[in-house]
Amino acid sequence: MAAETDGPGEKRLPSLSLWFGIPSEKVTCPYDTNHQMPKSSLEKHMRSCRLRKLEYSKEEEAEMYDSTFFYDKGKIPKVQMDKDLQFDIIKKAMAKECGNCCPGAYSSQPAEVPQNHKRYICDLTQADRLAIYDYVLAETKNQRSRSQATENDSDLFVDLAAKVNQGLEFFFFLQLCFFYI
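In this text the structure is predicted, and so the values were computed from the model without any measurement.

> Got a sec to walk through the overall build of the protein chain? Specific residues and values, please.
The secondary structure content of the protein chain amounts to 7 helices and 2 strands. When the helices and strands of the protein chain are placed in sequence order, the string is α-β-β-α-α-α-α-α-α. Here the protein chain holds 181 residues, and 17% of them are scored as buried. Partitioning the intrachain contacts of the protein chain with sequence separation of at least 6 by distance along the chain shows that 37% fall at a separation of at least 24. As displayed, the protein chain offers around 14700 Å² of accessible surface, 58% of which is attributable to carbon and sulfur atoms.

Structure, rendered in structure tokens:
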């Protein structure tokens, strides 16, 4: 690799892009504008940085795992929860109770969705947790009943197709029998 020249008789070292290839595009973290990283590592950084902004420790993050594997491979109903949905569930449960429980049983302000069981216990009241549990239970039952209805419909189609094929086989069998008579 020859050295580049600035002018007559002057030599300068090749640029870093020649040594290390074309530098990757840098992006800024949406949680902290002081964080710059290659675009390829933004997604991983965002997960970690978001947890830091929510005051999760590195130890807590290390204990967490990505559960999408279980949902991608199986027919397990899943419920995506965000801060707004969580607070909406709590507000509806509070309105449904309409004074039947003691004041302060439900959270009065939206809270971040807990990312581990410790925060779930600490950040949400017992009434909040019960309301979320009831919602998730009802939602998964709805998802299961919808998927079973779809499976039952497909089973009916398969059974109908099998019956039609059996009928055709019997028809061809009768034709062969009459052919030999």
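> Report on the UniProt feature "domain: CHHC U11-48K-type" (unreviewed entry) in the protein chain, specifying residues and quantitative values.
The feature "domain: CHHC U11-48K-type" (unreviewed entry), as given by UniProt, occupies residues 26–53 in the numbering adopted here. End C-alpha atoms of residues 26–53 are separated by 21 Å, and the span's content is 43% helix alongside 21% strand.

> So, the pattern of salt bridges: which residues are in play, and what are the values?
All chains considered together, the criterion is met by 7 salt bridges. The closest approach of N and O atoms between R50 and E112, which form a salt bridge, is 3.9 Å. Here R50, found in helix α2 (residues 42–53), pairs with E112, found in the loop between α5 (83–97) and α6 (117–123); they are 62 residues apart in sequence, far enough to count as distant. Since its relative accessible area comes to 27%, R50 is described here as partly exposed. On the accessibility criterion, E112 (33% relative accessible area) is partly exposed.

> Summarise the packing of aromatic side chains; cite the residues concerned and give the values.
In total, this model carries 0 aromatic pairs according to the counting rule given. Just above the ring of Y56 sits the side chain of R119; from NZ or CZ to the centre is 3.8 Å.

> Explain the confidence of the model for the protein chain residue by residue, including any values.
With 65% of its residues at a pLDDT of 70 or more, the protein chain shows a mean pLDDT of 75. At the low end of the mean pLDDT range in the protein chain sits helix α1 (residues 16–20), at 47; at the high end sits α5, at 91. With pLDDT under 50 throughout, residues 1–5 is counted as low confidence; its partners more than four residues away or in other chains account for 12 contacts.

> Which residues make up α2, and what values go with them?
In this model α2 runs 16 Å from its N-terminal to its C-terminal C-alpha over 12 residues, within 8% of the 16 Å that 1.5 Å per residue would give. Among the residues making up α2, those that are buried are L42, C49 and L51. Among the structural elements, β1 (26–28), β2 (36–38) and α3 (58–63) are those in contact with the buried residues of α2. Positive backbone phi, at 65°, marks E55, one or two positions downstream of α2.

What counts, and at which threshold
- Residues numbered from 1 in each chain as written.
- Predicted model: local features only at pLDDT ≥ 70, side-chain atom pairs only at ≥ 80, totals over all residues.
- Heavy atoms only, no water.
- Helix = DSSP H or I, 4+ residues; strand = E, 2+ residues; numbered from the N terminus.
- Buried < 20%, exposed > 50% of the residue type's maximum accessible area, 1.4 Å probe, protein only.
- Contact = heavy atoms within 4.5 Å.
- Areas by Shrake-Rupley, 256 points an atom, 1.4 Å probe, with all protein chains shown as cover.
- UniProt positions renumbered as here; feature names shortened; annotations may be inferred.
- Salt bridge = Lys/Arg side-chain N within 4 Å of Asp/Glu carboxyl O.
- Phe/Tyr/Trp six-rings, centres within 6.5 Å; stacked < 30°, edge-to-face > 60°.
- Lys NZ or Arg CZ within 6 Å of the ring centre and 35° of its normal.
- pLDDT = per-residue confidence, 0-100.
- Expected span 1.5 Å × (residues − 1).

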